[in-house]
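Residues per chain, in single letters:
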Amino acid sequence: MSDTKTRRAPKAAVVLTKAAEQRVADLMAKAPNDAIGVKLSTPRRGCSGLAYSVDYVTEEAKFDEKIETPGGIFYIDGASVLYLIGSTMDWVEDDFTAGFVFENPNAKGACGCGESFMV
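Residues numbered from 1 in each chain as written. Predicted model: local features only at pLDDT ≥ 70, side-chain atom pairs only at ≥ 80, totals over all residues. Heavy atoms only, no water.

1. Focus on the environment of K30
Piece 1. By the secondary structure assignment, K30 is in the loop between α1 (18-29) and β2 (37-41).
Piece 2. Every residue in contact with K30, bar those within four places of it in the chain, is listed here: R23 and Y56. (Helix = DSSP H or I, 4+ residues; strand = E, 2+ residues; numbered from the N terminus. Contact = heavy atoms within 4.5 Å.)

Structure below.
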């Protein structure tokens, strides 16, 4: 019997739906030349304190979580990971709006306009 144990890869802090993965691919297809991926962060803003922000990223930061998707690399800001563990990120389009939608079990509340959340 072998003494080595099989290690599982750690589970990503955020799960991307197929629609979110496709949106990352679409963004990377038209990204600026220096972009290496798309990054999710939670800057302080809005009525409730934190907001979701998705932007191009040009360099990898030391503590960012890196998720490889079929269409490109998706990063999660290292300082935001604790606010996002267990979240699902989706891309939703209808007749009037299009955008990323987050199901975040860590959010204890959100502002009325839906732009920010608190933990």
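2. Side note on the pattern of salt bridges
Piece 1. Applying the stated criterion to the full structure yields four salt bridges.
Piece 2. For K39, the salt bridge is made with D77, and the minimal N-O distance between the two is 3.9 Å. With K39 in strand β2 and D77 in the loop between β5 (72-76) and α2 (81-84), the pair connects residues that are 38 residues apart, well separated along the chain.
Piece 3. Since its relative accessible area comes to 16%, K39 is described here as buried.
Piece 4. K66 serves as the salt-bridge partner of E60, at 3.5 Å between the closest nitrogen and oxygen.
Piece 5. Taking the relative accessible area as the measure of exposure, E60 reaches 47% and is therefore partly exposed.
Piece 6. What emerges from the salt-bridge pattern is a single network uniting K39, D64 and D77. (Salt bridge = Lys/Arg side-chain N within 4 Å of Asp/Glu carboxyl O. Buried < 20%, exposed > 50% of the residue type's maximum accessible area, 1.4 Å probe, protein only.)

3. Observations concerning a negative patch on the surface
Piece 1. Residues D26, E93, D94 and D95 make up a contiguous surface patch of negative charge.
Piece 2. Positionally, D94 belongs in the loop between β6 (87-93) and β7 (98-103).
Piece 3. Classification of D94 by relative accessible area gives partly exposed; the value is 48%. (Patch = residues over 30% accessible without salt bridge, like charges linked within 9 Å, V, L, I, M, F, W, Y side chains within 5 Å. Areas by Shrake-Rupley, 256 points an atom, 1.4 Å probe, with all protein chains shown as cover. Lys, Arg positive; Asp, Glu negative; His and termini not counted. Charge placed at Lys NZ, Arg CZ, Asp CG, Glu CD.)

4. Digging into the sheet that holds β5
Piece 1. On the basis of which strands lie adjacent, the open sheet formed by four strands has the order β3-β2-β5-β4 and mixed pairing. Among the strands making up the open sheet, the edge pair consists of β3 (53-57) and β4 (65-69). Across the sheet, the axes of successive neighbouring strands diverge by a mean angle of 25°, strand direction being ignored.
Piece 2. With three bridges connecting them, β2 and β5 associate as parallel partners. Residue pairing in the sheet places L40 in a bridge with I76 of β5.
Piece 3. The sheet strands contacting α1 are β2, β3, β4 and β5, and the helix crosses β2 at an angle near 125°. (Pairing = 2+ DSSP bridges. Axes fitted to C-alpha atoms, helices over the stretch in contact; angles between N-to-C directions.)

5. Focus: the nonpolar core
Piece 1. Grouped together as the largest cluster of nonpolar side chains are 15 residues, with contacts concentrated most on V14, L16, L40, F74, I76 and M89.
Piece 2. Among the elements of the structure, β1 (14-16), α1, β2, β5 and α2 are those that each provide at least two residues to this core.
Piece 3. Top contributing element to this core by residue count: α1, with three residues. (Core = buried A, V, L, I, M, F, W, Y, C linked by side-chain atoms within 4.5 Å.)

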